Amino acid sequence: MKTLLMAIDNSPVAEKVIALTIDQALAHQAQVVVLCCVDPAYSSCNQPIEIDAGEDPDDFLVAKDEQNTAEMVVRHALAPILRAGVAAKGVILAGEAAETIVAQSSAVQASMIIMGRRHLSPFNRLLKGSVSAAVIERANCPVLIDVRKD
């Protein structure tokens, strides 16, 4: 069976990416892996939590919020995919987004990566870099980018 990797975050384009993924999964009779990346600085996934005296308690709350948001995003994406009759599962991984998406696509032997584009300003694109461009450059499978604006 073919596997589609849908990389998603909490951005406004997520709904369009979910709909596009459902269309592609049905057309290709593929299963879907929903991936949400968490900044490693805000992750305690699969790692012991070590707390040093003097740490700011707000730092832990930010990390917890990041992981809770990622879980909500994945669950929100899975619901319509499953309602459409498509086999799917979700994964939350800590890591730099482009590297993590490409690595996960190889791990699940994805036949395609589907993701959105944030439409960053030229300044922000220079400052932050484009995740979608980096994924296109590094991926070992086709990458479908939903470029529609909100």
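Here the structure is a predicted model, which means the values were calculated and not measured.

### Things to note about the overall build of the protein chain
A tally of helices and strands in the protein chain yields 5 helices and 5 strands. Of the regular secondary structure in the protein chain, the N- to C-terminal order runs β-α-β-α-β-α-β-α-α-β. Within the protein chain, buried positions represent 38% of all 150 residues. For the protein chain, contacts bridging at least 24 residues in sequence account for 79% of all contacts bridging at least 6. For the protein chain, the exposed area adds up to about 8900 Å²; of that, 54% sits on carbon and sulfur atoms.

### Considering the packing of helix H3 (residues 97–107) against helix H5 (residues 131–138)
For the pair H3 and H5, the least separation of the axes is 9 Å and the interaxial angle reads 40°. Judged by the inter-axis angle, H3 sits oblique to H5. The handedness of the crossing between H3 and H5 is right-handed. Taken together, the residues of H5 that come into contact with H3 (itself represented by Ala97, Ala98, Glu99, Ile101 and Val102) are Val131, Ala134, Val135 and Arg138.

### Some points on H3
Buried within H3 are the following residues: Ala98, Thr100, Ile101, Val102, Gln104 and Ser105. Where H3 is buried, its residues touch strand S1 (2–7), strand S2 (30–38), strand S3 (88–94), strand S4 (112–116) and H5. Between a side-chain oxygen at the N-terminus of H3 and the backbone nitrogen of Ala98 the separation is 3.2 Å; the capping residue is Glu96. Just downstream of H3, Gln109 is the residue with a positive phi angle, here 55°.

Parameters and conventions
Residues numbered from 1 in each chain as written. Predicted model: local features only at pLDDT ≥ 70, side-chain atom pairs only at ≥ 80, totals over all residues. Heavy atoms only, no water. Helix = DSSP H or I, 4+ residues; strand = E, 2+ residues; numbered from the N terminus. Buried < 20%, exposed > 50% of the residue type's maximum accessible area, 1.4 Å probe, protein only. Contact = heavy atoms within 4.5 Å. Areas by Shrake-Rupley, 256 points an atom, 1.4 Å probe, with all protein chains shown as cover. Axes fitted to C-alpha atoms, helices over the stretch in contact; angles between N-to-C directions. Parallel < 35°, antiparallel > 145°, perpendicular 65-115°, else oblique. Left-handed = near helix turned anticlockwise from the far one by under 90°. Polar contact = N/O pair within 3.5 Å; in protein donor to acceptor, adjacent residues only side chain to side chain.

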